[in-house]
Amino acid sequence: MSEQTHKLSEKQKNFCTNIVQKLKAHRSSQAFRVPVDPEVQGVPDYYYVVYNPMDLGSIWKKLLKDKYQDIYEFHSDINLIFHNSYKYNLRSTKYFEAAV
């Protein structure tokens, strides 16, 4: 028996798209809009600490390509952005604060 493929309904996709657009428009979201570039951003150990990076741009691409199986997978990716920020950054940094 073949595995059934699920994807977000149009209503769910529109809901998720709206969330990402609002998050990207937020003034504190700049650090979360694109993947971390350790060399450019001066954080060479980033991928030694963060094993599963995520950013709003990657989520956007996954939405456009119908890569989400359900709303919970989308929610998990959104949470992962903030979890990664808490994990890597000190509480006193603007990145930690932006994730709060």
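Refer to the structure above for everything that follows.
The sections below set out a description of the structure shown in this document.

Thresholds, definitions, all that
Residues numbered from 1 in each chain as written. Predicted model: local features only at pLDDT ≥ 70, side-chain atom pairs only at ≥ 80, totals over all residues. Heavy atoms only, no water. Phe/Tyr/Trp six-rings, centres within 6.5 Å; stacked < 30°, edge-to-face > 60°. Buried < 20%, exposed > 50% of the residue type's maximum accessible area, 1.4 Å probe, protein only. Lys NZ or Arg CZ within 6 Å of the ring centre and 35° of its normal. Helix = DSSP H or I, 4+ residues; strand = E, 2+ residues; numbered from the N terminus. Contact = heavy atoms within 4.5 Å.

### Some thoughts on the packing of aromatic side chains
- Summed over the entire model, instances satisfying the criterion amount to 4 aromatic pairs.
- Where Tyr68 meets Phe74, the ring centres are 5.7 Å apart and the plane angle is 85°; that geometry is what we call edge-to-face.
- For Tyr68, a relative accessible area of 2% puts it in the buried group.
- Within the aromatic cluster, the residues linked to one another by ring pairs are Tyr46, Tyr47 and Tyr88.
- The positively charged end of Lys24 is found above the aromatic ring belonging to Trp60, 5.2 Å away from the centroid.

### A closer look at the side chain of Lys13
- Mapped onto the elements of the fold, Lys13 is located in helix 1 (residues 10–25).
- Look past the residues within four positions of Lys13 in its chain and what remains in contact with it is Leu8, Leu63, Leu64 and Asp66.

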